[in-house]
Amino acid sequence: MTRTPTSPSPPSAPQFAPIGIVPTDEQREIQTCRARYVIAMANAGAAKTTTLALRIAESITRGVWPESILALTFSEEAARVLQARLVDIGVDERTARRVKCLSFDAFARQVLLQAEGAEAPWLDTPEALAPQVRIAAARLQTENAARRHPRELWLPEHNEPIFEFLELSRRLKARLVPPGGDDDESVEDCAERFDVPLAALLLHGALEALRSGLEDVPRWRAEFDATYDLARRLSDPDRPIDLPNYRIVVVDELQDMNPASYAVLEALLMRGKAFFTGAGDFDQVIHRWAGAGTDFLHTSFGKGWPGVVRLPLTCSYRYGPPLAAATAALKNKVVDSGREHETVLRVQPCADPRAVAAQVAADLAAWKQHGGRPAACAVILRAPYQSIPIENALLEAGIGWRMEGLASYLLRSEVLMLRGVIAFALQDYESIPGVDKRLQVLQALLQWQQFEWGGERLDDAALKTAAAQPSLFEAFLEGTLLKPQTRADKRAAGQSGEAQLQEEFRFLDKLKALRQSGQHHEANALQHLREAEATSVDESPAQRSARERLGRTLASLRAAPSDTPAAALLEQAVALLDLKGVARRLFLAPATAALVARSIDGFIDVARRQNLSLRDFAHWLRKAESKAERLRKSDTVLLCSVEAAKGQEFDVVLLPFLEEGVFPLAGSDAGEESNRFYVAATRARDELHLYVPEAAERVSRYVKAMRIDKAVLRGRHQLASGQWS
């Protein structure tokens, strides 16, 4: 391992002296480097933000006006932290406020507001965007049907596949993929070039066309849209736009850069011939949804910048020497520790997932018994389905938990759908507690039964009424889920209940007017047409197949002996409903469908472990939810995804299921999987628990790469000899 070459010219002595900290030699070199382009290559926990604050403070001390300094980050919180860090190290608060610290998107919104004269409506949640996706999908279907040779398109109707599509659409924008493909290539070729399903690329184009409208100001903007819009404007000679002029531009978390944000950055640097300093850890690139990637960072970032200087930030202040040594081995780079304590590394072999979950719960209980706070602990999971045994083990141990980046397994659509099937089979609708939960179950049933159900209809009053009155569940089953869809049903599916009622009133008024004017023939014809719509079946083969499968499944479950184990009946139901096949059709990404299938298997395993009848299992689920709700009112441990853990740190981190094919996840990008593991492991301050299979050949390659035994010995030697800083 070698250190990155430093500046070709020696730095001058620093003129800014911070308070509260003593900068390392590495930090001082970055603080005073005279190069125009400086990239700080940092390790996790290496005080990147503080180092950038030192760089800004040094510039101000040397006479640069604070107003001519721009600091960009990838979140509003990171921008606030950077501005606060300036004050922490001794910059006058009023002076610090004069430095513009913004997220890329906030900066882009400010620039676009100046150019467009008005601010576009802000849609800040997937739920707010979902109706727009449905409108775009409906338009695309209409256009496709008018083609001489219509394409076979699978378009999202329900929330989960819509949310998945929105992530893909955001990634396309981050990569600056043209909405309809380049002028010199077909949309099919564009989809192949960017490895995107054709239907998704077409829907992305339809949604962007809907968003753009005909005015200068878009109909709406969502997260990252402003950065994308500004990047496109900067390359459009027909719509020129002026950027502010800055002398110094600073960027935190460089690893999250993508082509769109990079286009904005390059334009800023060219505009004012600005000096640039950026800090990031390229081993933390895990946000492919945002267009970030090691290929882009290594091949494109800084290309064409003359005299780029790359300086290291190797010293971490988060964890002790043993974990620093293990991290260095994992990533084959220099990692030092600035803390005089031992981060404990524990590797725990376990026989199977149940044993892993039990050990996690036992270790958390031991931490709590010795005075530790659960809130200072995080269980970081590679995939959502892994929370199922962990949640159940915590439930049995009486340990409360909260979740970030993933939902409790009892709230996932595939499990909610199965719970609805159980309730219908037992005709026990009280087993699903609460109006909100029953509404979620009904919506999940509509999704998995592949109903074409508009966004307004999903929140319809009739649906909420059925959720509020369990006695109406049976009517929903017979009148909606098992009833062949008619032309009238299909038209009503895109309307709210209120709109449907108003249409019915208008029809009756028109019928009455025709009869009063003596036009009985026309009135009769109109009434016959309405009756024909109400009786003419109009459903897709997929809908008919789903309806028939549901009917057969319920008949089979109801005919089974009452003492049949729930696990056996659920396996039978999953097979009859072809849920795993439906998942492959519902979700755009094959990996998502595979994870949903694992979630279904995990839910069945819960039933198998409880060894109860279907009715008793339904009641156990209700009691489990109630107990989990009570536990959440106490001090709770965090269950989270790797993505949600990024940027956080905890006293204790527990990483379960470290097995080949699981972490790294089979079929995933190897480089990004390595980065995910690196991010997860480096969240720990005091203890890192690694749970591995008993069979050595199945242990995750990342655990092996850390060389734990050697790392511990090396770390302890550094502590004993005083070489820790």
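Here the structure is a predicted model, which means the values were calculated and not measured.

Observations concerning the overall build of the protein
- Tallying secondary structure elements over the protein gives 32 helices and 14 strands in all.
- Split into buried and exposed, the 725 residues of the protein put 53% on the buried side.
- In the protein, once contacts between residues fewer than 6 apart in sequence are set aside, the share between residues at least 24 apart is 78%.
- As displayed, the protein has an accessible area near 32200 Å², and 51% of this comes from carbon and sulfur atoms.

Topic: the nonpolar core
- In this structure, Leu-364, Leu-394, Phe-424, Trp-448, Phe-617 and Val-637 are the most contacted members of the largest nonpolar core, which totals 85 residues.
- Ranked by residue count, the leading element in this core is helix H16 (residues 413-426), at ten residues.
- Ignoring any residue separated from it by four or fewer positions in sequence, one finds Leu-394 in contact with Ala-361, Leu-364, Ile-399, Trp-401, Leu-631, Val-637 and Leu-639.
- Core analysis: the second largest hydrophobic core is formed by 39 residues, Phe-650, Met-706, Ile-708 and Val-712 among them.

Examining helix H1 (residues 25-32)
- Along H1, six of the eight residues are buried, which leaves the element largely enclosed by surrounding structure.
- Three or more residues of H1 are buried, namely Glu-26, Gln-27, Glu-29, Ile-30, Gln-31 and Thr-32.
- For H1, the elements touching its buried residues are strand S1 (37-42), helix H2 (48-61), strand S5 (275-280), strand S6 (309-313) and strand S7 (315-316).

Some remarks on the side chain of His-341
- Assignment of secondary structure puts His-341 in the loop between strand S8 (336-337) and strand S9 (344-350).
- For His-341, the side chain forms a polar contact with the side chain of Asp-686, separated by 3.3 Å.
- In contact with His-341, other than residues within four places in its own chain, are Arg-318, Tyr-319, Gly-320, Pro-321, Arg-685, Asp-686 and Leu-719.

Details of the sheet that holds strand S3 (residues 100-103)
- Taking strand neighbours across the sheet as the criterion, the six strands line up as S3-S2-S4-S5-S1-S6 in an open arrangement whose pairing is parallel. Either end of the sheet is taken by a strand with one partner, and the two such strands are S3 and S6. Along the sheet, successive strands turn relative to each other by an average axial angle of 15°, direction set aside.
- Where S1 meets S6, five bridges bridge the pair, whose relative direction is parallel. Directly across from Ala-40, in S6, lies its bridge partner Leu-311.
- H1 rests against S1, S5 and S6 of the sheet, and its axis sits at about 150° to S6.

Considerations on the pairing of strand S14 (residues 684-693)
- In terms of burial, S14 is largely enclosed, as eight of its ten residues are buried.
- Relative to S14, S9 runs parallel, the two being bridged by seven bridges. Bridged to Arg-346 within S14 is His-689.
- Two elements, strand S13 (residues 650-655) and S14, share five bridges in a ladder whose sense is parallel.

Quick look at the packing of aromatic side chains
- This model, assessed by the stated rule, comprises ten aromatic pairs.
- Measuring from centroid to centroid gives 4.9 Å for Phe-74 and Phe-104, while their planes differ by 40°, and the two rings are tilted. With Phe-74 in the loop between strand S2 (69-73) and helix H3 (76-88) and Phe-104 in helix H5 (residues 104-116), this pair connects stretches of sequence that are 30 residues apart.
- The class of Phe-74 is partly exposed, set by a relative accessible area of 27%.
- Residue Phe-104 is classed as buried on the basis of its relative accessible area of 3%.
- Residues Phe-663 and Tyr-702 carry aromatic rings whose centres are separated by 6.3 Å and whose planes lie at 85° to one another, so their mutual orientation is edge-to-face. You can see Phe-663 sitting in the loop between S13 and helix H30 (670-681) and its partner Tyr-702 sitting in helix H31 (residues 701-706), a full 39 residues away along the chain.

Let's talk about unusual backbone geometry
- In this model, Phe-663 is joined to Pro-664 through a cis peptide bond whose omega is 15°.
- For Leu-176, which is not glycine, the phi torsion reads 60° and is therefore positive.
- For Phe-657, which is not glycine, the phi torsion reads 60° and is therefore positive.
- Position of Phe-657 relative to the elements: it lies in the loop between S13 and H30.

Concerning the sheet that holds strand S12 (residues 636-641)
- With respect to topology, six strands assemble into an open sheet ordered S9-S14-S13-S10-S12-S11, the strand pairing being parallel. Taken across any chain shown, the strands that pair with only one partner, and hence form the sheet edges, are S9 and strand S11 (400-404). Ignoring which end each strand starts from, the neighbouring axes of this sheet average 20° apart.
- Summarising the sheet, strand S10 (residues 377-381) and S12 pair through four bridges and their orientation is parallel. Bridging from a neighbouring strand, Ile-380 pairs with Cys-640 of S12.

About the cut-offs
Position numbers for residues count from 1 along each chain, tracking the sequence in the order it is written. Selection of residues for local features in this predicted model requires a pLDDT of at least 70, selection of side-chain atom pairs for listing and counting requires 80 or more, and totals for whole chains, interfaces and linings are taken over all residues. Note that the side-chain values use all heavy atoms of the structure and ignore hydrogens as well as water. Secondary structure elements follow DSSP: runs of H or I of four or more residues count as helices, runs of E of two or more count as strands, with numbering from the N terminus. Residue exposure (1.4 Å probe, protein chains only): buried if accessible area is under 20% of the type maximum, exposed if over 50%, otherwise partly exposed. Here, two residues are considered to be in contact whenever any of their heavy atoms come within 4.5 Å of each other. For accessible areas, the Shrake-Rupley method is used with a probe of radius 1.4 Å. Any residue's cover is judged against the shown protein chains and nothing else. The set of buried Ala, Val, Leu, Ile, Met, Phe, Trp, Tyr and Cys residues whose side-chain atoms join them within 4.5 Å is what this entry labels a nonpolar core. Here a polar contact is recorded for every N or O atom pair within 3.5 Å, except that within protein the pair must consist of a potential hydrogen donor and a potential acceptor, and residues adjacent in sequence are included only if both atoms are side-chain atoms. When DSSP locates at least two bridges between a pair of strands, those strands are taken to pair. Interaxial angles span 0 to 180 degrees and are taken between N-to-C directions of axes, which are lines fitted to C-alpha atoms, for helices over the stretch in contact. Planes of paired rings set the category: under 30 degrees apart is stacked, over 60 is edge-to-face and the rest tilted, where pairs are Phe, Tyr or Trp rings (Trp by its six-membered ring) whose centres lie within 6.5 Å.

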